[in-house]
Structures are given as structure tokens and as C-alpha cells.
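Below are the chains, spelled out letter by letter.
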Amino acid sequence: MRIKLGTALLAGVGLALALSNAYADQVIKPYFEFKQPKMIAIPGDLSLDTNGAAAPVISGFSQFGVRIGVTFEGVSQYDLATVGRPNFIPPDTNGAVGKTQFVETTNGAYAVFDKATGVRTSLVSDVAFWATAGQTGASGDSRVMYNAAADRWIAMSFGANAKDLQVAISDTSNALGTWKSTKFEGFAGFGFGATADYPTLALDKNAVYIGTNNFAPATSGGTNSFRGTTMNVIPLDSLFNPVAPTVSNMKQFVTPFTNTASDVDRGFAQQGVNSSSVGSTGTVIAASLFAFDNLGFKVNGLTSSSATTSTIGPVAMLGEAAFTSPGPGRQPSVAIPANQRVIATLDERISSSVYEANGRIYGVHTVNSGLDALDQARVRYFVLDAATMAIVDEGDIGEAGYDYYQGAIAVNRYGQVVISYNRSGLDPATGKISLMARLFDTNGAGKLVVHSDELLLKESLTDDYHNGSLFGAAAVGRQRWGDYAQVTIDPANDSKFWVIGEFAREYNLAQFGHPGGTGGSRWGTWITEIEFIPEPPAWAMVVLAMGLAGFASRRRRIAVTAAMAA
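Residues numbered from 1 in each chain as written. Predicted model: local features only at pLDDT ≥ 70, side-chain atom pairs only at ≥ 80, totals over all residues. Heavy atoms only, no water.

### Re the overall build of the chain
- Broken down by element type, the chain carries 6 helices and 39 strands.
- Scored against the burial criterion, the 566 residues of the chain give a buried share of 59%.
- Of the contacts formed within the chain by residues at least 6 apart in sequence, a portion of 62% connects residues at least 24 apart.
- When the accessible surface of the chain is summed, it comes to about 19900 Å², and 59% of that surface belongs to carbon and sulfur atoms. (Helix = DSSP H or I, 4+ residues; strand = E, 2+ residues; numbered from the N terminus. Buried < 20%, exposed > 50% of the residue type's maximum accessible area, 1.4 Å probe, protein only. Contact = heavy atoms within 4.5 Å. Areas by Shrake-Rupley, 256 points an atom, 1.4 Å probe, with all protein chains shown as cover.)

### Details of the pairing of strand β20 (residues 268-274)
- Among the 7 residues of β20, 7 are classified as buried, and the element is accordingly described as predominantly covered.
- In this structure, β20 lies alongside strand β21 (residues 282-287), joined through 3 bridges in antiparallel fashion. Bridge pairing in β21 links F268 to A287.
- Relative to strand β27 (residues 354-357), β20 runs parallel, the two being bridged by 2 bridges. Along β27, the bridge assignment pairs N274 with Y355. (Pairing = 2+ DSSP bridges.)

### Some thoughts on the nonpolar core
- In terms of nonpolar packing, the biggest core is built from 38 residues, with Y362, I397, V417, V418, I419, L455 and I530 touching the most fellow members.
- Residue contacts for I530: discarding those within four places in its chain leaves V66, R67, I68, V418, A437, L439, L455, L457, S495, K496, F497 and V499. (Core = buried A, V, L, I, M, F, W, Y, C linked by side-chain atoms within 4.5 Å.)

### Some words on the sheet that holds strand β9 (residues 109-114)
- Sheet architecture is open: 4 strands sit in the order β7-β8-β9-β10, paired in antiparallel fashion. Sheet topology places β7 (94-97) and β10 (120-125) at the edges, where each strand pairs with a single neighbour. Sheet twist, expressed as the mean angle between neighbouring strand axes with direction ignored, is 10°.
- Relative to β9, strand β8 (residues 101-105) runs antiparallel, the two sharing 5 bridges. In the strand pairing of β9, E104 is matched with A111.
- Its contacts with the sheet put helix α3 (residues 126-133) on β9 and β10, and the angle it makes with β10 is roughly 90°. (Axes fitted to C-alpha atoms, helices over the stretch in contact; angles between N-to-C directions.)

### Observations regarding the pattern of salt bridges
- Within this structure, the stated rule accounts for 18 salt bridges.
- A salt bridge links D164 to K163; the shortest N-O distance between them is 3.4 Å. For the pair D164 and K163, a shared accessibility class is recorded, and that class is buried.
- When salt bridges with common partners are traced through the structure, they connect D49, E73, R505 and E506 into a single cluster. (Salt bridge = Lys/Arg side-chain N within 4 Å of Asp/Glu carboxyl O.)

### Remarks on the sheet that holds strand β14 (residues 179-185)
- Spatial ordering of the open sheet is given by β11-β12-β13-β14, a layout of 4 strands whose pairing is antiparallel. Of all the strands in the sheet, just β11 (143-147) and β14 have a single pairing partner and so form its edges. Across the sheet, the mean angle separating the axes of adjacent strands is 20° when strand polarity is ignored.

### Overview of unusual backbone geometry
- Going from I89 to P90, the amide bond is cis rather than trans, its omega being -15°.
- Of note, the bond from G482 into D483 is cis; its omega dihedral lies within 30 degrees of zero at -5°.
- Inspection of the secondary structure assignment puts D483 in the loop between β35 (454-459) and β36 (486-489).
- The phi angle at N87 is positive, at roughly 70°, despite the residue not being glycine.
- Among the secondary structure elements, N87 is positioned in the loop between α2 (77-82) and β6 (88-89).
- Using a relative accessible area of 7% as the deciding quantity, one classes N87 as buried.
- Positive phi, normally seen in glycine, also occurs at D141, with a value near 55°.
- Among the secondary structure elements, D141 is positioned in the loop between α3 and β11.
- Taking relative accessible area as the criterion, D141 reaches 0% and is therefore assigned buried.

### Thoughts on α3
- Inspection of α3 places D126, F129, W130 and A133 among the buried residues, and these make up the whole buried set. In a view along the axis of α3, the buried residues occupy a sector of 90°, so they form one face of it.
- Its buried side turned inward, α3 meets β9, β10, β12 (152-158), β13 (164-170) and β14.
- Directly beyond the C-terminal end of α3, a positive phi value near 110° is found at G134. (Arc of directions from axis to C-beta.)

### Digging into the side chain of N422
- Within the secondary structure, N422 sits in strand β32 (residues 417-425).
- Under the relative-accessibility criterion, N422 is labelled buried at 1%.
- In terms of polar contacts, N422 uses its side chain to reach the backbone carbonyl oxygen of E502, at 3.0 Å.
- Each residue touching N422, except ones within four places of it in the same chain, is listed here: D403, Y404, Y405, Q406, I433, S434, L435, W481 and E502. (Polar contact = N/O pair within 3.5 Å; in protein donor to acceptor, adjacent residues only side chain to side chain.)

### Topic: the packing of aromatic side chains
- Counting across every chain of the model gives 18 aromatic pairs.
- Plain terms: the ring middles of F471 and Y507 are 4.9 Å apart, the flat faces sit at 65° to each other, and that makes the pair edge-to-face. Of this pair, F471 sits in the loop between β35 and β36 while Y507 sits in the loop between β37 (496-504) and β38 (523-532), and the two are 36 residues apart along the sequence.
- Relative accessible area serves as the criterion here: at 40%, F471 is assigned to the partly exposed category.
- Seen from their ring centres, F471 and F512 are 6.0 Å apart, and the 80° between their planes marks the pair as edge-to-face. Remark: F512 occurs in the loop between β37 and β38 and F471 occurs in the loop between β35 and β36; sequence separation between them is 41 residues.
- Among the residues examined, F512 registers a relative accessible area of 30% and is labelled partly exposed.
- Three or more aromatic residues joined by ring pairs make a cluster, and in this case those are Y110, F129, W130 and W179.
- For the cation-ring pair, R143 lies above Y484, with the distance from its terminal atom to the ring centre recorded as 3.7 Å.
- The ring of Y402 is capped by R423, whose NZ or CZ atom sits 4.2 Å from the centre of that ring. (Phe/Tyr/Trp six-rings, centres within 6.5 Å; stacked < 30°, edge-to-face > 60°. Lys NZ or Arg CZ within 6 Å of the ring centre and 35° of its normal.)

Any functional reading would require information beyond the geometric quantities listed.
Spelled out as C-alpha cells, the structure:
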């Protein structure tokens, strides 16, 4: 495992100058694309699953400073057929931990798990969930969070029409209980084909933040094009009220995109910052539209009861170390060499939550930092001063020979950090797409310090995942992976973090236990509880060091699933 500090990347002066010129010319990055989930249809490819999900395991596996608790499979693409929503890609993997449950949302299906055992207690289609909550239809891009202060859940997704966004709030801390909902127009002004795309979700002490990328065709039936962004700021009291959620006193900050020099850069995939700090200001972080950088701005004048008089502050470019957009991820596939690099690592947008703790803001995104000649993707973390948005620390997580992507992060009040991600490469033994995690501590200067060895949480069951085509055939169409992953903090014990991410299930073929299947690919999701535990006293470390003196080296990567099976 290698972590390269961002300051080492500043040597790319020529690249930085080129990026600065691109910003001056107001040229939007062309790969910031329209992303609405779609269903794939392979004739005769029934979603049969006689194997079923892997049984939950309460591992008790631990090494110095970390313990793995319960770990289990979440919703898979096979599950979608059982609730009448087959073959959505990508899953848009998202989930959150509450007092006693873990709730997962994907495109097509939602699930609830007992967090103590990993046993699934509910699986319903997204359409059925929203119907019970009072809405008609759903079109994906769902996210879910647990509001520990209110002891209630919040879920969000497209409405039946993708220009609409719907928000549901649970009546209690029990996700299996009743929910109520509200709906609003996320992108107004176009009567045909408008989409409030890639909705994000965050909350602080005042408001819920839902950012959207807005797309619409110029004419009916035309191709969608980028129209700008909206940051929807909804007061907490409006959504988490005793009667039913509303969007009263909401403020929508619309930043139009006209493809002219007058366009304002407030970024793409705007992410509100999750925070438990008390104050009247919120923060938004996003990927710049024009430069290879991230940016931030404040939402001022907020209260928990109203956002109507709130205003947006000036945009601050973060000044990250040089990077470019990451390329596709590699896999070991020996059967189809042309498919070795088909996994879409997305782009440098911030696809998962951003957190504030102790006056610092923490986030991750995927980049090509130029450290390797093979154009390999890396997960970059950044730590900002919450007041000034100056970079306190940044670094790239990666290792030569592998692509790292689809990162997620969470930080607790102690400055303990968990970063999860997918990793893949060409090595036949270790290159399958894997869900992994790394633990860090924050030192007094705000720098991340490695806390543990890299953890292998789940390895994919195939070395050649691709969607939209049959086993043995060339990959066709968009090979989206993710597009989300998530790390959340346990409200009952904030030294515990819960990771959810994507892995690849086996192909839908009789030889893999699926009679009647014609060979389509299938995604799966995996959930793991990770706990920071106190380090042993110094004298114990000395004794251990003496006991290990005969070993030439120490494993740097811990395979959690293998350790549990031993």
C-alpha cells in the first residue's frame, strides 16, 4: 500500500499551467456526463439465484487498533428480480447505520438488516417503498442517512419523473415502521426530458442539502445536455417535524450553465458537508466545472426553521495538487484481453459524503495523479480548514499495478477516519475488483496518520466483470461502476464505522449455480462493521516486537474474509 502526499505532486508545473488555461477559456469538462440509471435487457437472461447471499458472519477478527465486527452481503442484482425490478445498472450503492439497523438503498431495491447479526429483515422494491411512504413511482439515484439527533431516517430519490425529487422521513428510529414523504421539482423550466441528476444528500444542525446536476434536451426527443446545478437547502424543522415532511422555507440556489464566458463555476455534483457543529452557516464542496480542482462555498444565514433568506458566499478554489481525470479500471481477465480495462472509475467528482469534525472538512475523490506511467486511478483524500477552506492535508491512496476508485470516507469526533474504496488490477492472483478500507488518525496539525494495515473486505467472484453483455462476449455500452459507496458512523458507538460498497457476483450461468441463466453479469454489495480499538500499552508492543524478531517481513494487506474463515 502506498500513500503519496499531495505536495509531492506539485512537480507537474506544465500540467498545472495547462489546467489554469483551460479554466480561463471556460471549457467545461466533457466527461461530466448525464447519468440516470438504466435497466439492461439481455434476451432470455433470467435473474436466477439458487446460491443465495453469503451468510452473515460476526467475525471478532482484530489486529492492533482495529476490529472487524459483523460482515455480510447486501442487496445484489439477483435480488432485483425477486421484487420485480430486474437488471438495473449501476447499483448506486448507498447505506447507513442506525441504532439497531443498517438500511441499504440501491437502484431497484431497498433492504433493512439487523446490525447485530447481519440478518436481512426486509427487502422491497424502490417503487413499493415509496408507495408505502405516499409517492407514486421511483427512478433511482437513491440515498439514505440516519439523523442521530432526531432518531429518524431520511431517504431520497428521483420521483417517477426524473425532474422531481422525493424525500421520505421515518416516523421513528425503526426503519421497518412507517414513513412519510414529500416531493418537489428539483429542476424546473424544461417541459420535456428534464432531469435533476445525480442528487446528493447531506445534513447539519440547520438543514438538509440536496445538490443536483441539471440536464435537459434543447428540443423534445433531443439529447440531454448540461444546464447547470441546483443546491436545495431544506430546513430540518420542515422535514423532521411531528406531522409530515414538507419543503416549506426551502431555498433553491440555481447556477445555470449557458456555455459562455459568463458562466459561474459552482462545480459539478455539489456535496453538502455533514456536520454536527452549531452555527448559521453550511458548506458545499464540489468538483470544478472547468479546472482540475475542487471548490467550496458557504451557505450563510441559516436556521433550523428557515433557509429562505440564506445566501451563498464566494467560491473558493481549493488549490489541490495537480491531477487529471482517471481512466478505466483494469481487471485480470485472461479470457478477453480487450476487456482488461473496461471498469468506469467515474471521474473526479466527489461521489460520496463529505464530513466536518473539529473544525476540519474531510473528503475523497478519484484522480489520475500522474504518479504512474500506466495512468492508474488513485483515491485522493483532502482535509480542509472548515473556516477558510485552505488545504491542511491531501494524499493519494494507491499502489503500482492497481487502480483505486469509488472512495468513501467518514470521520468521528476523535478525528478517527475510515476510507473505503475499490481496487483492481491485472495480476491474476490479486487483481479482481475488491472492496477495501484503510484507517487513519488525525494528528494535532490536521494530517492523516496511518492507523492500520489495508483491509480486504470482499473480493469479487469474477475476474472479468462487465455489464450489458454475456459471459465471454466483449463489453458493450457504459461500464459504470458504483456510482456511490458510503461510510457511516454508528450512533450507538462512534468508534464504529460501517462500510458499504460494490463487488461483482458470479455470472448468471448454470455452471455457476444458476440453471436457465444465459450468462449476464451481476453486481453485489457488501457491508462491514469496522471498529477502532485502543492501542496496547507500550510495554506490550515491546514484547510483541521481540516475538516477531525472527520474521523477515510483515503482511501489509489483511484479508478480513480469509481471516474469518480460518
